[in-house]
Amino acid sequence: MPFREISSKMVEAQVLPGQRMFSQRGAMIAYKGDVRFTPNMQGGQGGLMNMIGRRVANEATPLMTVEGQGTVMFGHGGHHVEVIELDGDTLCVEADRLLAFDGTLEQGTLFLGSDGGVMGMVRGQVSGQGLFTTTLKGKGAVAVMAHGGIIQLPITPAAPVHVDPQAYVAHHGDVRNKLSTALGWRDMVGRGSGEAFQLELSGNGAVFVQASEEKL
């Protein structure tokens, strides 16, 4: 179910009989045809446990199931929209930045900063930045949102990328992640910017970052 970019802030999707897609609640701008929108209480393809995991992470972004036959236009809050095509690989994306995605994609949850151990969890609480990220795996398309546009930075074994957690949108590939800080424990309190916290991504792949650090 491909997306067509109408503008930098809107996408259009074809909804076909027997297929479905998921969208963030409130993302529908307009539609044509016989299209149905119903609240999804199972957290997408990930089921109940995935929904619980997102609630624990304070990322219980409500989803709508979209079915029927017609055309739907999606956008949200005037944010920049980017379409990412998956060909059997896995995309990790912050849940609040999901606009819409194919229902064929398998949904799960990943804890960013897992390679940082217990201190990674503590730092995540201090920074106020959600570290649980939605994973989407399979063949299909994903529309994500961001402030001020999105750029894609390559990740190679010789050149890991350090990202401000608040500027992080998504990543894909064979990538390891580690949350670290350049400050001492006392200096960390009350600070959530990239100067204090850094998400290090290493391996082979790419990371999508937004131009602004503002949270959605």
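Please read these numbers as outputs of a predicted model, since none were measured by experiment. (Residues numbered from 1 in each chain as written. Predicted model: local features only at pLDDT ≥ 70, side-chain atom pairs only at ≥ 80, totals over all residues. Heavy atoms only, no water.)

Q: I'm lost on the overall build of the protein in this one. Help?
A: Scanning the protein from terminus to terminus reveals three helices and 13 strands. Counting all 216 residues of the protein, 50% fall into the buried class. Long-range contacts, defined here as pairs at least 24 residues apart, represent 83% of the contacts in the protein between residues at least 6 apart. With the model as given, the accessible surface of the protein reaches about 10000 Å², and the carbon-plus-sulfur share is 53%. (Helix = DSSP H or I, 4+ residues; strand = E, 2+ residues; numbered from the N terminus. Buried < 20%, exposed > 50% of the residue type's maximum accessible area, 1.4 Å probe, protein only. Contact = heavy atoms within 4.5 Å. Areas by Shrake-Rupley, 256 points an atom, 1.4 Å probe, with all protein chains shown as cover.)

Q: Can you walk me through the pairing of strand 3 (residues 20–24) in this structure?
A: One face of the sheet, then the other: side chains in a regular strand alternate in exactly this way. Among the five residues that make up strand 3, four are buried, leaving the element largely enclosed by the rest of the structure. In terms of strand pairing, strand 3 meets strand 5 (residues 63–74) through five bridges, oriented antiparallel. Across the sheet, S23 pairs through a bridge with M64, a residue of strand 5. As judged from the three bridges shared by strand 3 and strand 7 (residues 98–102), these two strands associate in the antiparallel manner. Paired with F22 across the bridge in strand 7 is F101. (Pairing = 2+ DSSP bridges.)

Q: Is there a simple way to explain the pairing of strand 5 in this structure?
A: Judged by how many residues are buried, strand 5 sits mostly within the fold: ten of twelve residues are covered. Pairing between strand 2 (residues 10–15) and strand 5: five bridges, direction antiparallel. If you follow E12 over to strand 5, its bridge partner there is M73. Bridging between strand 4 (residues 28–40) and strand 5 involves twelve bridges; their strand directions are antiparallel.

Q: Explanation requested: the side chain of H80 in the structure shown.
A: As for its position among the elements, H80 is in strand 6 (residues 80–93). In this structure the side chain of H80 is engaged in a polar contact, spanning 3.2 Å, whose partner is the side chain of E82. Leaving out residues up to four positions away in the same chain, H80 has contacts with S8, K9, V144, M145, A146, G149 and I150. (Polar contact = N/O pair within 3.5 Å; in protein donor to acceptor, adjacent residues only side chain to side chain.)

Q: Whenever I open this one, the environment of G205 confuses me. Can you help?
A: Structurally, G205 can be placed in strand 13 (residues 197–210). Considered as a pair, G205 and H171 are 34 residues apart in the sequence and their alpha carbons are 7.4 Å apart. Contact partners of G205, with chain neighbours within four places excluded, come to L153, P154, I155, H172, G173 and V175.

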